[in-house]
Amino acid sequence: MRRALQIHFGVAFAVVAALALVNLLFVPGFHWWALVAVGWGVPLAIHTAFAMGLFGSKDG
């Protein structure tokens, strides 16, 4: 479960960083990449809680 969380975090970070770069290059007046970061951050936080065993996960 922790390895999956590491992969999830790494992919989320890479995608949001790439989108932030695209946003800053093409539409610098509106930071829409932050909406993606928040939108992806919620499932990532839930995944983290499961990996930590906060929801009774048996294979932390």
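As a reminder, the structure under discussion sits directly above these lines.
What this report covers is the structure whose coordinates are included nearby. Treat the numbers as computed from the prediction; the structure is a model and nothing was measured. (Residues numbered from 1 in each chain as written. Predicted model: local features only at pLDDT ≥ 70, side-chain atom pairs only at ≥ 80, totals over all residues. Heavy atoms only, no water.)

Focus on the overall build of the chain
The number of helices and strands found in the chain is two helices and zero strands. Once the C-alpha set of the chain is aligned to its principal axes, its extents read approximately 45 × 15 × 10 Å. Counting every position in the chain, which comprises 60 residues, the buried fraction comes to 17%. Taking as baseline every contact in the chain between residues at least 6 positions apart, the subset at least 24 positions apart corresponds to 59%. As displayed, the chain has an accessible area near 4,300 Å², and 78% of this comes from carbon and sulfur atoms. (Helix = DSSP H or I, 4+ residues; strand = E, 2+ residues; numbered from the N terminus. Buried < 20%, exposed > 50% of the residue type's maximum accessible area, 1.4 Å probe, protein only. Contact = heavy atoms within 4.5 Å. Areas by Shrake-Rupley, 256 points an atom, 1.4 Å probe, with all protein chains shown as cover.)

Concerning the side chain of His47
Within the fold, His47 resides in helix 2 (residues 33–51). Relative accessible area serves as the criterion here: at 18%, His47 is assigned to the buried category. Those residues within four positions of His47 in sequence are excluded, and the remaining contacts are Met1, Ala4, Leu5 and His8.

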